[in-house]
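Listed below are the residues making up each chain.
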Amino acid sequence: MVLVLPGSGGSKDVRRHIDWILSQVAGKEDQILELQDEGYETDIFCYWRSASGHGGPELDPELMHRLVSLRLLVGFDVYC
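So, a few notes on the structure that sits alongside this text. (Residues numbered from 1 in each chain as written. Predicted model: local features only at pLDDT ≥ 70, side-chain atom pairs only at ≥ 80, totals over all residues. Heavy atoms only, no water.)

Moving on, we come to the overall build of the protein chain. What the protein chain contains, in helices and strands, is three helices and two strands. Moving toward the C terminus, one meets the helices and strands of the protein chain in the order α-α-β-α-β. Sorting the 80 residues of the protein chain into buried and exposed places 22% on the buried side. Across the protein chain, the fraction of contacts at a sequence separation of at least 24, relative to all contacts at a separation of at least 6, is 67%. As displayed, the protein chain offers around 5900 Å² of accessible surface, 54% of which is attributable to carbon and sulfur atoms. (Helix = DSSP H or I, 4+ residues; strand = E, 2+ residues; numbered from the N terminus. Buried < 20%, exposed > 50% of the residue type's maximum accessible area, 1.4 Å probe, protein only. Contact = heavy atoms within 4.5 Å. Areas by Shrake-Rupley, 256 points an atom, 1.4 Å probe, with all protein chains shown as cover.)

Next up, the structure:
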């Protein structure tokens, strides 16, 4: 089963999905950081399954910068 998020255009590219998640919290960065300062954990966890047994998800520098600015951990559950 593949979960396709609204706004991802039906893409299976994890970058599009994470971008969509980050767009949903745009403008709420201070609130997210405040919750973290209060001890709440925030992260993005992704399921990724290889269609061919090799390759893997990629994050580009711009996306990583956005994640770092929100102090968000990204985890991957990988199946080959």
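With seven bridges connecting them, strand S1 (residues 43-49) and strand S2 (residues 73-79) associate as parallel partners. Along S2, the bridge assignment pairs Phe45 with Gly75. (Pairing = 2+ DSSP bridges.)

As enumerated under the stated definition, the model contains four salt bridges in all. In this structure, Arg15 engages Glu58 in a salt bridge whose closest nitrogen and oxygen atoms are separated by 3.8 Å. Here the residue Arg15 occupies a position in helix H1 (residues 14-24), and Glu58 occupies one in the loop between S1 and helix H3 (61-69), the gap between them amounting to 43 residues. Residue classification places Arg15 among the partly exposed residues on the basis of a relative accessible area of 27%. One salt bridge connects Asp19 with Arg66, and the closest N-O pair in it is separated by 2.4 Å. Separated by 47 residues along the polypeptide, Asp19 in helix H1 and Arg66 in helix H3 bring together distant segments of the chain. (Salt bridge = Lys/Arg side-chain N within 4 Å of Asp/Glu carboxyl O.)

On the surface, Glu29, Asp30, Glu34 and Glu38 cluster together into a negatively charged patch. Positionally, Asp30 belongs in helix H2 (residues 29-37). Look at Asp30 and you get exposed, because its relative accessible area is 64%. (Patch = residues over 30% accessible without salt bridge, like charges linked within 9 Å, V, L, I, M, F, W, Y side chains within 5 Å. Lys, Arg positive; Asp, Glu negative; His and termini not counted. Charge placed at Lys NZ, Arg CZ, Asp CG, Glu CD.)

A word on the nonpolar core. By size, the foremost hydrophobic cluster in this structure holds ten residues: Val14, Ile18, Leu22, Ile32, Ile44, Cys46, Leu63, Leu67, Leu70 and Leu72. Of all elements in the fold, only H1, S1 and H3 reach the threshold of two or more residues within this core. When neighbours within four sequence positions are excluded, Leu22 is seen to be in contact with Ile44, Leu63, Arg66, Leu67, Leu70 and Leu72. (Core = buried A, V, L, I, M, F, W, Y, C linked by side-chain atoms within 4.5 Å.)

In short, shape yes, function no, at least from these values alone.
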